[in-house]
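# Residue-level structural notes
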Amino acid sequence: VYDAKSGRVIFSTTHFSTYAIGCNDVSFSDVANTAWYADYVSYLAARDIIGGSGNGKYSPDAKITRAQFVTILARMSGDEMSGYTTSSFPDVKSSDWYFKATQWAYTNGIATGSEGKFNPNASIAREQMTAMLYRYADYTGEFSNPEGMSAREFADFGGISTWAQGSVQWALNNGIVSGKTDGSFDPKASATRAEAAKMIAVLVQDMIK
C-alpha cells in the first residue's frame, strides 16, 4: 500500500531481503481520474486482481456476476486450485472458466448456492457480496470486527436478510461498505463493478495494514 501522506510504501513479507519498488500503472478509457472509484480500480488492476471488460474499458456501471466475483476472491487468495476436478453444482461444468474458483469458494465456505445451484451468471446483490467478503476475511485469518456505527441505522435495515446482517455490520465498521445518499443500504440491489472494486480494495488494504 502506498501512503501518499507519508510518501512511504507499506508491505508485508516473510523474510528480510533487498526490495525494489515498481509501479504498474493500469488505466481504462471509461474510468475518469476524478471518479469516486478510480483509485480503487487502479489499485486492483495494477496488482492483477481485477481486469477490464475488453477494448481498454472497465465498465464500472455494469453489474458484476457471481462467477466474476468468486474468481476475483480466488485469485486474491493465491491458493492452489489444480486439485479441483469435480463440480458441486449442476450449473457449473468442469470446463467453465470459473469452475475452479467456484469450487474453491464452495469448498472453503465462502460462497454457497441456492436450491442446489450456484447461478454463476446471475448478478450479485450487495448483501451477497458483503457476506462473501466477510467469509473470505474469516477464511484468510485476517478478520477483525471493530465497534462503530450500527447497521440498524440504515433506513432499510429491515430489508437486509438475517443471514447477511452480521456481515453488513462488519463491513460497515471496517469501511468496506457505506450507505446510499438517502441513508439506505439497498441490500438486494445488484452490485456494480465499481462498487466491487471499492469493497475489495478496502479489504485488501486493511489486511495489509
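Residues numbered from 1 in each chain as written. Predicted model: local features only at pLDDT ≥ 70, side-chain atom pairs only at ≥ 80, totals over all residues. Heavy atoms only, no water.

### Considering the layout of surface pockets
Its volume calculated, the second largest pocket comes out at about 220 Å³. Taken together, 15 residues make up the lining of the second largest pocket; nearest its centre are R66, T112, G113, Q128 and W163. Among the elements that line the lining of the second largest pocket, the one with the most residues is helix α4 (residues 126–140), at four residues. Split into classes, the residues belonging to the lining of the second largest pocket amount to six nonpolar, six polar and three charged. (1 Å grid on protein atoms, 1.4 Å probe; cavity = no way out; pocket = protein on both sides within 12 Å on 5 of 7 lines; lining within 4 Å. Points joined across faces, edges and corners; volume = space filled by probe spheres on them. Helix = DSSP H or I, 4+ residues; strand = E, 2+ residues; numbered from the N terminus. Nonpolar A, V, L, I, M, F, W, Y, C, P; charged D, E, K, R; others polar.)

### Considering the side chain of Q103
Looking at the element boundaries, Q103 is found in helix α3 (residues 99–107). For Q103, a relative accessible area of 6% translates into the label buried. (Buried < 20%, exposed > 50% of the residue type's maximum accessible area, 1.4 Å probe, protein only.)

### Regarding the environment of D186
Positionally, D186 belongs in the loop between α5 (162–173) and α6 (193–208). Assessed through its relative accessible area of 32%, D186 is described here as partly exposed. Between the alpha carbons of D186 and G159 there is a distance of 8.0 Å; along the sequence they are 27 residues apart. Once residues within four sequence positions are removed from consideration, D186 is found in contact with R126, D156 and K180. (Contact = heavy atoms within 4.5 Å.)

### Notes on the packing of helix α2 (residues 66–77) against α4
The geometry of α2 relative to α4 is characterised by a closest axis approach of 12 Å and an angle of 20° between their N-to-C directions. On the basis of the axis angle, α2 is roughly parallel to α4. Every pair of crossing elements has a handedness; the one defined by α2 and α4 is right-handed. The residues of α4 that touch α2, namely those facing R66, F69, V70, L73, M76 and S77, are Q128, M129, M132, L133 and Y136. Its residues assigned to classes, the contact of α2 with α4 comprises eight nonpolar, two polar and one charged. (Axes fitted to C-alpha atoms, helices over the stretch in contact; angles between N-to-C directions. Parallel < 35°, antiparallel > 145°, perpendicular 65-115°, else oblique. Left-handed = near helix turned anticlockwise from the far one by under 90°.)

### Points about α3
Those residues of α3 lying buried are F99, A101, T102, Q103, W104 and A105. The secondary structure elements touched by the buried residues of α3 are α2 and α4.

### Notes on the nonpolar core
Ranked by internal contacts, the top residues of the largest apolar core, which has 61 residues, are F69, L73, W104, L133, I176 and I200. Residue assignment for this core shows that the elements contributing at least two residues are α1 (38–46), α2, α3, α4, α5 and α6. The leading source of residues in this core is α6, at nine residues. In this structure W104 touches V70, L73, A74, S77, D79, M81, Y84, I110, Y136 and Y139, once residues within four positions along its chain are discounted. (Core = buried A, V, L, I, M, F, W, Y, C linked by side-chain atoms within 4.5 Å.)

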